[in-house]
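# Chains, contacts and geometry: an overview
Listed here are the chains, written in short residue letters.
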Amino acid sequence: MSVSSSMFASRRVQQTVLQRIIGQNWGIVLAMVMLASAGFAMLYSVAGGTWEPWAAQQMIRFSVALVLMLAIAVIDIRYWVAAAYPAWFLGVLLLILVEVNGATGMGGQRWLDIGFMRLQPSELTKIATIMALARYYHGRNHTQSRSLRSLFVPIILLVIPFVLVVRQPDLGTSLMIIAGGVAVIFLAGAPAWLFAISGIGIAAAIPIGWQFMRPYQQDRVLTFLNPEADPLGAGYQITQSKIALGSGGMTGKGFMEGTQSHLNFLPEMKTDFIFTVLVEEFGLVGAGIVLALYAIVLMYGLLMGIGCRNQFGRLLASGLSISLFLYVLINVGMVMGLMPVVGVPLPLISYGGSAMLTWMIAYGLILSVATHRHMTIAPKGSGII
Amino acid sequence: MAGLQGVAFTGLGLRLYYLSVVESEKYKLRADRNRISVRLIAPERGEIYDRNGEILATNVQDLRVLLVPEQTEDVGPTLAKVQSIVDLSDRRLSQIERRIKRQRKFVPVTLAQGLDWETFSRVNVQIPELPGIQTDAGLSRLYPGGNAIAHLVGYMASPDEDDIYKSPLYQLPGFKIGRQGLERRYEDLLRGGSGTRRVEVNAVGREIRELPPREEATRGNNLQLTLDMKLQQFVMRQLGEEAAGAVVMDLQDGDVLALASSPGYDPNEFSRGISNTNWQALLKDPRTPLLNKSVTGMYPPGSTIKMIIALAALEQGIIKSESEFYCNGRHRLGNNTFHCWRRQGHGKLNLVDAIAKSCDVYFYKIAEQMDIDDIAEMARRFGLGEIFNVGVDGEKEGLVPDREWKQVIQNQRWQLGETLNVAIGQGAMLATPLQLAVMTARLASTRKITPRLVANEALPTDSYFEPMDINPFHLQTVCQAMEKVMEQGGTAFDLRRPKSAAKLAGKTGTAQVRRISIAERQQEGGVVDNKDLPWQARDHALFVGYAPAENPKIAVSVIVQHGGGGSSVAAPLARSIIDEALKLYEQPTVTASVDEASS
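A brief look at the structure comes next. Note that the structure is a prediction, hence the values are computed from the model and not measured.

## Considerations on the overall build of chain A
Along its length, chain A carries 15 helices and 2 strands. Across the 385 residues in chain A, those meeting the buried criterion constitute 49%. A separation of at least 24 residues holds for 72% of the contacts in chain A among residues at least 6 apart in sequence.

## What to know about unusual backbone geometry
In the segment running from A:E52 into A:P53, the intervening peptide bond is cis, with an omega of -5 degrees. The residue A:P53 is located in the loop between α2 (26-46) and α3 (55-74) in this model. Following B:S262, the chain continues into B:P263 via a peptide bond in cis, with omega recorded as -5 degrees. Relative to the elements of secondary structure, B:P263 occurs in the loop between β12 (256-262) and α10 (267-272). Of note in the backbone geometry, A:E268 takes a positive phi value of approximately 40 degrees without being a glycine. You can see A:E268 is positioned in the loop between α12 (259-262) and α13 (274-306). Look at A:L348: it is not a glycine, yet its phi comes out positive at around 75 degrees.

## Considering the sheet that holds strand β18 (residues 540-547) of chain B
Strand pairing in a sheet relies on backbone hydrogen bonds, with the paired strands running either antiparallel or parallel. All names here are of chain B. With respect to topology, 5 strands assemble into an open sheet ordered β12-β11-β19-β18-β17, the strand pairing being antiparallel. In this open sheet, the two edge strands, each paired with only one partner strand, are β12 and β17 (505-511). Geometrically, the sheet is characterised by an average inter-axis angle of 5 degrees between neighbouring strands, direction not taken into account. Relative to strand β19 (residues 554-560), β18 is paired through 7 bridges, and the arrangement is antiparallel. Looking at β19, one finds that A541 is bridged to V560.

## Description of the sheet that holds strand β8 (residues 195-201) of chain B
All names here are of chain B. Strand order across the open sheet formed by 3 strands is β1-β8-β9, with antiparallel pairing between neighbours. The two strands at the open ends of the sheet, each matched to only one other strand, are β1 (36-41) and β9 (207-215). Direction aside, the axes of adjacent strands within the sheet are offset by 35 degrees on average. As judged from the 5 bridges shared by β8 and β9, these two strands associate in the antiparallel manner. Looking at the pairing, V201 lines up with E207 of β9.

## Some words on the packing of helix α9 (residues 229-239) of chain B against helix α21 (residues 566-584) of chain B
All names here are of chain B. The N-to-C vectors of α9 and α21 enclose an angle of 165 degrees; their axes lie 10 Å apart at closest approach. By the criterion of interaxial angle, the relationship of α9 to α21 is roughly antiparallel. Of the two possible hands of crossing, α9 and α21 adopt the one that is right-handed. When α9 is examined against α21, the residues L231, F234, V235 and Q238 are found in contact with a partner set consisting of L573, S576, I577, E580, A581 and L584. Residue composition of the contact of α9 with α21, grouped by class: 7 nonpolar, 2 polar and 1 charged.

## Some remarks on the interface of chain A and chain B
Opposite the 32 residues of chain A that make contact, chain B presents 27 residues. For the side of chain A that touches chain B, the elements supplying multiple residues, two or more each, are α11 (236-248), α12, α13 and α14 (311-335) of chain A. In terms of residue count, α13(A) provides more of the side of chain A that touches chain B than any other element does, 10 residues in total. Here the residues of the side of chain A that touches chain B are counted per class, giving 20 nonpolar, 11 polar and 1 charged.

## Digging into the pairing of strand β14 (residues 330-333) of chain B
Residue and element names in this part refer to chain B. Summarising the sheet, β14 and strand β15 (residues 336-339) pair through 4 bridges and their orientation is antiparallel. Within β15, the residue paired with L333 across the bridge is N336. Linking β14 back to β15 in an antiparallel pair, the connection comprises 2 residues, with G334 at a positive phi of about 60 degrees.

## Section: the environment of B:E54
Residue and element names in this part refer to chain B. Assignment of secondary structure puts E54 in the loop between β2 (48-49) and β3 (55-67). Once the C-alpha coordinates of E54 and L227 are considered, the two residues, 173 residues apart in sequence, prove to be 9.9 Å apart. Excluding residues within four positions of it along the chain, E54 makes contact with Y49 and M229.

Procedures and definitions
- Residues numbered from 1 in each chain as written.
- Chains lettered and ligands numbered in written order.
- Predicted model: local features only at pLDDT ≥ 70, side-chain atom pairs only at ≥ 80, totals over all residues.
- Helix = DSSP H or I, 4+ residues; strand = E, 2+ residues; numbered from the N terminus.
- Buried ≥ 20, exposed ≤ 12 C-beta atoms within 10 Å, placed from the backbone.
- Contact = placed C-beta atoms within 7 Å.
- Pairing = 2+ DSSP bridges.
- Axes fitted to C-alpha atoms, helices over the stretch in contact; angles between N-to-C directions.
- Parallel < 35°, antiparallel > 145°, perpendicular 65-115°, else oblique.
- Left-handed = near helix turned anticlockwise from the far one by under 90°.
- Nonpolar A, V, L, I, M, F, W, Y, C, P; charged D, E, K, R; others polar.

Next comes the structure, spelled out in structure tokens:
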């Protein structure tokens with residue numbers, strides 16, 4: 001993938017908002033519109049050939065989120081530096097709020113109703129944690145980053161949201177928070193052996209963690225390990241999904257012709273298993289195009305991170321890219337039977353606002369990094385506030 | 001980092017390639033297995049006709065509502081919803097609930113049947129909100145002849161739960177199999193072959209559409225009976241409320257024209273599912289409506305056996321046709337006295353008169369000189385003790401006693417006194433109305449006629465029956481005696497025939513059900529009159545006969561259980577049945593074929 005540098009203003013002078021909007025990489029935006037459109041098409045198909053109730057609403061959501069993404073992208077990155085810690089605190093606060101709500105008898109609730117949509121604080125926290133970590137490492141030189149003492153704050157920044165999300169309980173998101181955070185710490189220059197030890201530690205912790213897992217979580221892991229053991233029970237979803245993927249063949253059964261989906265053999269078609277619907281109807285070719293679009297969009301994010309001159313932007317773009325990549329990887333891996341069914345939607349394509357919003361906000365930040373990648377930021381602060 | 005991402009995407013791509021290209025065939029198959037369900041089409045059952053093509057059993061459309069308990073989470077609310085559309089009585093509801101508990105969960109339970117179109121459509125419209133409910137516009141069996149033919153056709157019922165795996169057809173909702181009678185006996189012939197259709201179903205098994213090709217079911221074969229439905233109905237009306245059986249046979253080809261048993265029952269009630277009250281009533285009726293008396297009822301033949309005894313004696317050379325004996329009303333054998341039905345005796349009489357007047361002493365006297373085994377052999381030659389397999393349920397072989405039977409069953413030697421009892425049709429000998437009709441048919445035709453009820457069956461096309469291997473002169477003597485029964489001085493003379501009616505030949509019989517003790521005989525007023533006895537102790541009334549006497553076409557046997565005397569009760573019935581039956585031969589088509597048989 002080639003990124004034309006001419007599309008970016010390389011001057012150090014302050015750009016106008018209009019210049020910054022025009023300066024966005026519209027090729028990448030187009031890729032995302034294509035992914036979202038694939039989602040609209042699939043939602044249209046799943047609804048049996050009607051725009052209602054899903055496709056139309058999803059289009060409205062995407063339009064709103066697209067504007068939001070562009071807005072975030074053009075905001076001066078120093079504002080995001082300033083907003084990093086407050087965002088983290090806000091995220092943690094919302095998580096506690098959900099926790100308290102749950103404790104007052106609202107059941108295992110993971111979201112807050114904010115009128116037009118249901119807000120999942122865990123999703124926002126995922127972004128905020130990466131922001132906070134990037135903020136923490138910003139202004140620390142390489143030597144500082146390598147020291148063990150400097151790990152103390154990042155671990156706090158990671159563990160608090162992790163614990164709160166695990167308690168929801170939402171193991172999938174909490175692990176994604178850890179994974180995204182660890183990636184940032186790693187990119188910041190923490191010693192490699194630390195990760196090796198951590199890896200061993202996690203492996204050792206699996207049996208202990210197993211004890212703490214809820215029965216349905218244990219079921220999911222067991223089902224993942226052997227889906228055929230209970231094809232009508234817990235393994236039903238994954239078995240039916242594999243049948244749908246496989247029976248699509250090279251070019252698929254055709255738009256609106258998926259039997260596994262239209263005859264309701266597939267579970268959760270409009271959300272977690274929408275990729276399956278897509279592959280059944282458009283085959284390996286369709287799947288390849290969608291995966292390639294994801295790869296382009298995510299690679300772009302990573303490259304923007306690597307090419308960024310300031311540490312905050314570098315870590316933020318890379319961390320968010322990895323986080324979004326995990327999103328896609330887990331969902332696609334899940335429907336193919338490569339991972340346990342963890343209930344992670346496919347961002348941009350799956351029906352629902354939360355995953356879409358997370359993706360667009362995160363990618364807005366990545367684009368903001370891209371926009372300001374030549375900017376140097378004072379180590380101890382944004383220089384704005 | 002970017003490298004890792006690349007590796008991961010490549011991994012996903014490879015996995016996808018593996019699933020949708022390498023293993024694609026396997027998954028395509030499984031996707032088809034998911035969505036395509038092969039369903040059976042129940043064949044239309046063959047109909048049953050009488051000899052003239054009148055329908056005895058047919059199929060009518062039946063709109064049903066069924067419940068598959070396995071497909072609903074909670075039966076209660078579903079039933080309540082159905083109840084708001086279809087009228088289900090509380091009693092029916094509790095019946096349904098019992099069935100649901102008893103049966104396996106995938107076996108459909110019929111909630112209601114025989115619905116009208118309006119109700120049926122209302123259920124169909126509501127079906128998305130009625131989990132587990134199915135509607136079925138199937139066929140159910142109808143017997144237009146009702147109770148006149150219940151004993152012959154039998155009825156249909158759902159297969160036993162244990163049998164449900166024996167054929168996939170049995171698992172079709174509302175599928176019924178022949179449970180009794182011809183419906184059961186000719187199940188394979190009538191049923192036909194099931195067809196199949198492939199349907200696309202969704203995940204909960206609801207049909208979305210049918211996928212060609214469809215293999216149509218093959219209709220079952222029809223069953224044609226030799227029965228004449230009009231005659232059968234006439235006979236049933238004649239028998240009325242009596243516990244009785246009657247058989248009418250054609251003498252040319254052995255066709256059973258009527259095979260009646262009274263009282264009847266309504267086989268349609270069984271097809272619909274008989275209520276317990278009605279079932280108990282049928283079971284408890286002392287007149288045993290469920291038994292087909294014409295083939296299952298075994299009765300002492302009474303005096304109707306006397307032709308056989310006479311023939312045995314003639315063939316053995318014990319008597320000649322003109323041999324005379326003197327009857328003084330009783331016969332002594334050792335310490336026992338055997339009575340004639342006429343206390344004052346018949347005086348001197350020959351064989352023909354002995355049969356015509358049904359003198360018992362005459363037969364005691366010849367039986368005294370006979371071997372029971374010779375009598376048994378002659379009885380068997382005339383079809384007694386034989387099962388003819390005409391196709392209806394419960395054909396009994398009756399009992400033709402002989403020395404061996406006595407030895408095996410009772411481990412005793414045969415006593416001469418028993419031969420005397422057999423000679424007047426009492427004692428151990430038992431026969432069914434069908435056997436007596438066959439006996440009469442063989443006497444009248446002098447051929448070894450066997451009865452047939454089902455015309456589909458392979459039969460010798462010329463319907464030729466071998467001659468009885470009996471001296472024709474002896475047969476003629478016996479037949480002459482049977483004619484004389486109907487004449488002045490004969491036991492059945494009191495039925496006066498109009499001039500136009502055909503001449504009958506026959507024999508009455510009155511079979512005792514109880515032993516008459518010496519004390520009763522000697523008491524004032526003599527033997528208690530039959531009418532004063534409780535119903536169960538009264539005599540059976542029998543009559544066998546054929547007509548026209550000079551050119552026999554049909555043979556008849558009538559038994560009225562506990563009906564009283566053969567002359568007074570059975571003979572008049574036989575007269576009207578024969579008159580009606582002979583009307584059939586006025587139709588030119590049948591007459592032509594009968595003339596050849598009248599040799």
